[in-house]
Amino acid sequence: MRIENIITGAVSRFFHERSLPEPDQSLIQLQKTRKEFKGNITLVVFPLVRLIKKSPPETAEELGTYLKKLPEIKDFNVVKGFLNLEVESSYWTRFIQEYAFNPDYGTQSRAVPAETVLVEYSSPNTNKPLHLGHIRNNLLGYSISRILEANGKSVKKVNLVNDRGIHICKTMLAWEKWGDNKTPAETGVKGDHFVGDMYVKFENAYRKEIEGLVSKGVPEDQARREAPLIREAQTMLKKWEEGDEQVNALWKMMNSWVYAGFDVTYEKLGVSFDKIYYESETYHTGKSIVEEGVKKSVLIRKDDGSVWADLTHRGLDEKLLLRSDGTSVYITQDLGTAVLRQKDYDADKMFYVVGNEQDYHFKVLSLILDELGYEWAGSLQHISYGMVELPSGKMKSREGKVVDADNLIDEMIDTAGTLSSELGKLEGLTEKEKKNIINIIGMGALKYFILKVDPQKNMIFNPEESIDFNGNTGPFIQYTHARVCSLLKKSELHGIKPGNADISDVSLSPKEVRVAALLHEFPAVLEEAGRNCSPALIANLIYELAREYNQFYHDHPVIKESNIALRDFRLLLTMLTGNVIKKGMGLLGIDVPERM
RNA sequence: GGUUCCGUAGCUCAGCUGGAUAGAGCAACAGCCUUCUAAGCUGUGGGUCCCAGGUUCGAAUCCUGGCGGAAUCACCA
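Now for a quick tour of the structure. (Residues numbered from 1 in each chain as written. Chains lettered and ligands numbered in written order. Predicted model: local features only at pLDDT ≥ 70, side-chain atom pairs only at ≥ 80, totals over all residues. Heavy atoms only, no water.)

1. As for the overall build of chain A
The helix and strand inventory of chain A stands at 20 helices and 15 strands. Projecting the C-alpha coordinates of chain A onto the three principal axes gives extents of approximately 85 × 65 × 45 Å. Expressed as a percentage of the 596 residues in chain A, the buried residues total 52%. In chain A, of all internal contacts separated by at least 6 residues, the share reaching a separation of at least 24 is 75%. Total accessible area on chain A stands at roughly 28,200 Å², and carbon and sulfur atoms take up 48% of it. Each charge class in chain A can be summarised by its mean position, and for the 76 positive and 85 negative side chains these summaries are 2 Å apart. (Helix = DSSP H or I, 4+ residues; strand = E, 2+ residues; numbered from the N terminus. Buried < 20%, exposed > 50% of the residue type's maximum accessible area, 1.4 Å probe, protein only. Contact = heavy atoms within 4.5 Å. Areas by Shrake-Rupley, 256 points an atom, 1.4 Å probe, with all protein chains shown as cover. Lys, Arg positive; Asp, Glu negative; His and termini not counted. Charge placed at Lys NZ, Arg CZ, Asp CG, Glu CD.)

2. Description of the pairing of strand 4 (residues 82–87)
Moving residue by residue along a regular strand, the side chains alternate between the two faces of the sheet. Of all six residues in strand 4, five are buried; the element is thus mostly enclosed. Judged from the four bridges that link them, strand 2 (residues 41–44) and strand 4 form a sheet pairing that is antiparallel. Bridged to Ile41 within strand 4 is Leu85. Sheet topology note: the strand 3 (residues 73–79)/strand 4 ladder contains six bridges and is antiparallel. What sits directly across from Ile73, in strand 4, is Val87. Hairpin connection from strand 3 to strand 4: two residues lie between these consecutive antiparallel strands, with Lys80 at a positive phi of about 50°. (Pairing = 2+ DSSP bridges.)

3. A few points about the pattern of salt bridges
The tally for this structure, following the rule as stated, stands at 31 salt bridges. Residues Lys275 and Asp344 are paired through a salt bridge, measuring 3.5 Å at the closest nitrogen-oxygen approach. Note that Lys275 is positioned in strand 7 (residues 275–278) and Asp344 in helix 13 (residues 330–345), a separation of 69 residues in sequence. Look at the salt bridges and you will find they share partners, linking Lys190, Asp192, Lys268, Asp406 and Asp410 into a network. (Salt bridge = Lys/Arg side-chain N within 4 Å of Asp/Glu carboxyl O.)

4. Side note on the protein's contact with RNA strand B
Near RNA strand B lie 69 residues; those nearest to it are Asn162, Asp304, Lys425, Tyr479 and Lys560. Contact distances for RNA strand B include 2.5 Å between a phosphate oxygen and a side-chain N or O atom of Arg483. His556 has a polar backbone atom sitting 2.4 Å from a base nitrogen of RNA strand B. Counting only elements with at least two residues in the surface near RNA strand B, the list comes to strand 1 (29–32), strand 2, helix 2 (46–52), strand 4, helix 15 (405–423), strand 15 (459–460), helix 17 (474–493) and helix 19 (535–555). Classifying every residue of the surface near RNA strand B by side-chain character gives 29 nonpolar, 23 polar and 17 charged. (Near = heavy atom within 4 Å. Polar contact = N/O pair within 3.5 Å; in protein donor to acceptor, adjacent residues only side chain to side chain. Nonpolar A, V, L, I, M, F, W, Y, C, P; charged D, E, K, R; others polar.)

5. A word on the sheet that holds strand 3
Taken in spatial order, the four strands line up as 1-2-4-3 in an open sheet, and their pairing is antiparallel. Each edge of the sheet is formed by a strand with only one pairing partner; in this case those strands are strand 1 and strand 3. The average undirected angle you get between the axes of adjacent strands in this sheet is 30°. Sheet topology note: the strand 1/strand 2 ladder contains four bridges and is antiparallel. Of the residues in strand 2, the one forming a bridge with Gln31 is Thr42. (Axes fitted to C-alpha atoms, helices over the stretch in contact; angles between N-to-C directions.)

6. What to know about unusual backbone geometry
The phi dihedral of Lys53 is positive, around 60°, even though this residue is not glycine. Checked against the element boundaries, Lys53 lands in the loop between helix 2 and helix 3 (56–67).

7. Details of the sheet that holds strand 8 (residues 300–301)
With respect to topology, three strands assemble into an open sheet ordered 8-9-10, the strand pairing being antiparallel. Only two strands of the sheet have a single neighbouring strand rather than two, namely strand 8 and strand 10 (318–322). In this structure, strand 8 lies alongside strand 9 (residues 307–310), joined through two bridges in antiparallel fashion. The residue of strand 9 that forms the bridge with Arg301 is Val307.

8. Here's the deal with helix 14 (residues 359–371)
Between its terminal C-alpha atoms helix 14 stretches 19 Å, which fits the 18 Å expected from 13 residues at 1.5 Å a residue. Taken together, the buried positions of helix 14 are occupied by His361, Phe362, Val364, Leu365, Leu367, Ile368 and Leu369. Positive phi appears at Gly373, one or two residues downstream of helix 14, with a value of about 95°. (Expected span 1.5 Å × (residues − 1).)

9. Comments concerning the environment of Asp221
Its location among the elements puts Asp221 in helix 9 (residues 220–226). For Asp221, a relative accessible area of 48% gives the class partly exposed. Taking the C-alpha atoms as reference points, Asp221 and Ile210, 11 residues apart in sequence, are found 9.0 Å from one another.

10. Focus: the side chain of Thr574
Note that Thr574 resides in helix 20 (residues 564–587). What makes Thr574 buried here is its relative accessible area of 0%. A polar contact is formed between the side chain of Thr574 and the backbone oxygen of Arg570, at a distance of 2.7 Å. Excluding its chain neighbours within four sequence positions, the residues that come into contact with Thr574 are Val484, Leu487, Leu488, Tyr549 and Phe552.

11. Looking at helix 12 (residues 279–295)
The end-to-end C-alpha distance of helix 12 is 24 Å, a good match for the 24 Å that 17 residues give at a rise of 1.5 Å each. All buried positions along helix 12 are accounted for by Glu279, Ser280, Thr282, Tyr283, Thr285, Gly286, Ile289, Val290, Gly293 and Val294. With its phi angle positive at about 60°, Ser297 sits one or two positions after the end of helix 12.

12. So, the environment of Trp257
Along the chain, Trp257 turns up in helix 11 (residues 245–269). Overall, Trp257 belongs to the buried group, its relative accessible area being 11%. Along the chain, Trp257 and Asp303 lie 46 residues apart, while their C-alpha atoms are 42 Å from each other. Not counting residues within four places of it along the chain, the set of residues in contact with Trp257 comprises Trp175, Lys182, Thr183, Pro184, Gly191, Asp192, Phe194 and Val195.

Below, the structure is given as structure tokens:
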């Protein structure tokens, strides 16, 4: 039994035996003992004093005396209303022994039948390459999927590609006008960047047209609407919706370039999907759902032909679902996608990893689904995350103020390579092995940097200062793992096989206990990370573990320890630390090398 | 203007459903490699937890009101 449960149970018994009112579970508050005090687990007695009607120190003293009778409790001390408990070394050694050889320690095996959850993430537009903001989205989506799996869910990762609309037509038009019939293959430019360049060309030319009109005295918003280029793009969009063959062929060709580019970036990021949905396919479903809603009088068609959902009785406004010309808007497609997915997977929950700029959108989306009578409308959950900002403020693609995903990835790997050779860490390895490890380190630095931040918060990325490789970073944790591996390999060379000696009697140093206690926390943190959809919780725990382990490593010999039982315990502690680092980092989508 | 989110060290961030003297990393300075990987370890300095009230034995945490920042409220996506 876990120590928390042992203590909680004993506290209840304490009250029961004295015929006092038994405390509610929420009143028995356990927390980690702060470093400056002796002990491992602290019982906060303030909430209990009312039941026992004694002062906090008296209560703590009496409880301490009682709990000390437990075989798991070695000693206690009281500081004001805090009862600090020292857990017996044997509890920790038994715990370490039980899990040291289990690489899946902490994870839940999948229940039967497992709850099926859908996680949508990535959701790119096909008119420009991915940037730093998308990286956060992809890393969060992938990691959350892994975390939910580790909590026993059956997870389906899905992507929704925004492959239609006016912005796509802009790139097509630009290519027709200024693309010289070139392809990415001919120019050697990655497909998504190639198409993104076309988008920029369009926007620049369009802006010049607007400026020209404004200088002739046309009001700006009118100029925006009437510039010849935007007119042409709109004509093209209409042709596309009508199924014009030539436009369709161009659309398919340019999208295929983009997808080839995305695939490379996804591969580098190490993310993947079980299914990809395309808005060009799902918006039909969206439209017919809306038409049905009109028939059922859940939705309103106004005189000009536009269709609306009236959400005023829900405290929101009216929301447009179809334009007066019958074309669909963004939310229409999302309605269709949701219905299709529910049909495909019959999921218990549908998560959407989408930036917090769309908080309102998702509130409206599930309300409308509810209005339309889908009983699963409540199963949609928006996993909202904050924006990535530059020191100068928000990224703005129009001003070229973006951090390109591919560039950033390459730079991180370059830096990892330079650092590795400066430190002379990878000598004696083949080029292929070196490349692999450098790749793991560079990506680890990038991924950890982003995932360690609470998803809900906006975060700032400074390209000048770039990403560290020391301190609270991915490479620091990876390094700790490499150390662990090196140690275990050496012990094997010495013919040491831990697990045979009786380690139940070894007494542990405070540092050893602290490492063990962090390992002990892992399952609960994983569970909480799943509940909150927060990879950051795991990142924080793994970092703390690596830090404590490095301190332990610094002042405790392991292989060289002459006391066999103690040596074996330290090796088992090392093994479990390695397992948890590897498992935890894996949940963040980060690989750990065996040497670096 | 309405709504939502955020505000903690010079910088980037932790701080769980209220608990002890608010913690890490970076940056700065000073130490530790003949010994299991120095991408490590140790030490020093650095704080009005935006402000003001309230609830409580106890508030960075909860409530109210300000201030500051961001997002959103489109026949954009």
